[in-house]
Amino acid sequence: ANLPLFDGIFYFSNDGQNLNMGLSSFSSEVKAYSDLFSELKNNNLIVIDEIFNSTSSEEASALAVSLFEEINKVTKSKILISTHHQMLKISMHQNTHFLSANVGFDPIRHQPTYKISVGLPGSSMALSIFKTISQKNSHAKNIYDKAEKIIETKLVLYESLLHEVSQKKAELDKQLDIQ
């Protein structure tokens, strides 16, 4: 592996809510990113697991994109994030300054493959996973059916497209492995 040297390495992951300080999950994350600017050097690696996961997806996506742009305006940082926010995945995929990737998912076994696919955002597969895992629960079918109706919009079309692309990529990978 060719690993670059960084002046600073930063990792954000856990829920830092602190009721004594009056910080919710979201506000503690905002504080952490605000504090980050005083710690940044010129060349940093910033790793963020599930950015702004405790607020609305649209606002989280807008804030994340703006945060990344501001960090890159003042430093030469590399930022690695994980997210399920659709708008953020679309923004990152469409912006040539960012590189989309996803962890592969086996749609038959409903398990991650842990194989990284570069160039495409991934589908969360939440409805499918929910349906598979909760199938023995007597309420699960009603919950699944109602949830599916609620999101029968562009989100479903986008998720379906990502699922289809993932399936085709898995089939191609199998064919390449055979050869």
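Residues numbered from 1 in each chain as written. Predicted model: local features only at pLDDT ≥ 70, side-chain atom pairs only at ≥ 80, totals over all residues. Heavy atoms only, no water.

Trainee: Requested: an account of the overall build of the protein chain, with residues and values cited.
Mentor: In terms of regular secondary structure, the protein chain is built from 6 helices and 5 strands. Its helices and strands taken in sequence order, the protein chain reads β-α-β-α-β-α-β-β-α-α-α from the N to the C terminus. Along the longest, intermediate and shortest principal axes, the C-alpha atoms of the protein chain span 50 × 50 × 25 Å. Across the 179 residues that make up the protein chain, the buried fraction comes to 28%. Contacts in the protein chain between residues far apart in sequence, at least 24 positions, make up 60% of those at least 6 positions apart. When the accessible surface of the protein chain is split by element, carbon and sulfur atoms take 57% of a total near 12500 Å². Once the 17 positive and 20 negative side-chain charges of the protein chain are each reduced to a mean point, those two points are 5 Å apart. (Helix = DSSP H or I, 4+ residues; strand = E, 2+ residues; numbered from the N terminus. Buried < 20%, exposed > 50% of the residue type's maximum accessible area, 1.4 Å probe, protein only. Contact = heavy atoms within 4.5 Å. Areas by Shrake-Rupley, 256 points an atom, 1.4 Å probe, with all protein chains shown as cover. Lys, Arg positive; Asp, Glu negative; His and termini not counted. Charge placed at Lys NZ, Arg CZ, Asp CG, Glu CD.)

Trainee: Run through the sheet that holds strand E3 (residues 78-82), naming residues and quoting values.
Mentor: Hydrogen bonds along the backbone pair up the strands of a sheet, which may run parallel or antiparallel. The 3 strands are arranged E1-E2-E3 in an open sheet whose pairing can be described as parallel. Each edge of the sheet is formed by a strand with only one pairing partner; in this case those strands are strand E1 (8-12) and E3. The mean angle between the axes of side-by-side strands here comes to 10°, regardless of whether they run parallel or antiparallel. The pairing of strand E2 (residues 44-49) with E3 spans 5 bridges and is classified as parallel. Across the sheet, Ile-48 pairs through a bridge with Ile-81, a residue of E3. (Pairing = 2+ DSSP bridges. Axes fitted to C-alpha atoms, helices over the stretch in contact; angles between N-to-C directions.)

Trainee: Break down the packing of aromatic side chains for me, citing the residues and quoting the values.
Mentor: Ring pairs (aromatic) are described by centroid distance and by the angle formed between their planes. Tallying each qualifying case throughout the model produces 4 aromatic pairs. Look at Tyr-33 and Phe-52: their rings are 5.3 Å apart centre to centre, the planes differ by 85°, and that puts the pair in the edge-to-face class. Linking Tyr-33 in helix H1 (residues 25-39) with Phe-52 in the loop between E2 and helix H2 (57-74), this pair joins segments that are 19 residues apart in sequence. Considered together, Tyr-33 and Phe-52 belong to a single accessibility category, that of buried residues. For the ring pair Phe-68 and Phe-98, a centre distance of 6.2 Å and an interplane angle of 55° mean the geometry is tilted. Taken together, the residues span a long stretch of sequence, with Phe-68 in helix H2 and Phe-98 in the loop between helix H3 (86-94) and strand E4 (101-106) at a distance of 30 residues. Here Phe-68 falls in the buried class, since its relative accessible area comes to 2%. (Phe/Tyr/Trp six-rings, centres within 6.5 Å; stacked < 30°, edge-to-face > 60°.)

Trainee: Lay out a nonpolar patch on the surface in plain terms, naming residues and giving numbers.
Mentor: Taken together, the side chains of Leu-99, Val-103, Tyr-114, Ile-116 and Val-118 make up a nonpolar region of the molecular surface, amounting to roughly 600 Å² of accessible area. Counting residues per element, the nonpolar patch draws most heavily on strand E5 (residues 111-118), at 3 residues. Within the fold, Val-103 resides in strand E4. Overall, the relative accessible area of 48% leaves Val-103 in the partly exposed class. (Patch = residues over 30% accessible without salt bridge, like charges linked within 9 Å, V, L, I, M, F, W, Y side chains within 5 Å. Salt bridge = Lys/Arg side-chain N within 4 Å of Asp/Glu carboxyl O.)

Trainee: An account of the pairing of E1 is needed here, citing residue identities and associated values.
Mentor: Because side chains alternate across E1, one face comprises the buried residues Gly-8, Phe-10 and Phe-12, and the other comprises Ile-9 and Tyr-11, none of which is buried. Of the pairings in the sheet, the one linking E1 to E2 comprises 5 bridges and is parallel in character. Of the residues in E2, the one forming a bridge with Phe-10 is Ile-46. Handedness of the crossover joining E1 and E2 through H1: right-handed. (Right-handed = clockwise from strand over helix to strand, strands pointing away.)

Trainee: Would you mind going over the packing of H1 against H2 in detail, with residue names and values included?
Mentor: Pairs of packed helices are described in terms of their axes, by the angle between the two and the distance that separates them. Packing of H1 against H2 leaves a shortest axis separation of 11 Å and a crossing angle of 10°. By the angle between their axes, H1 is roughly parallel relative to H2. Judged by the twist between their axes, the crossing of H1 over H2 is left-handed. Along its contact with H1, which presents Phe-26, Tyr-33, Leu-36 and Phe-37, the element H2 presents Leu-63, Leu-67, Glu-70, Ile-71 and Val-74. Residue composition of the contact of H1 with H2, by class: 8 nonpolar, no polar and 1 charged. (Parallel < 35°, antiparallel > 145°, perpendicular 65-115°, else oblique. Left-handed = near helix turned anticlockwise from the far one by under 90°. Nonpolar A, V, L, I, M, F, W, Y, C, P; charged D, E, K, R; others polar.)

Without other data, these values stay purely geometric and don't point to any function.
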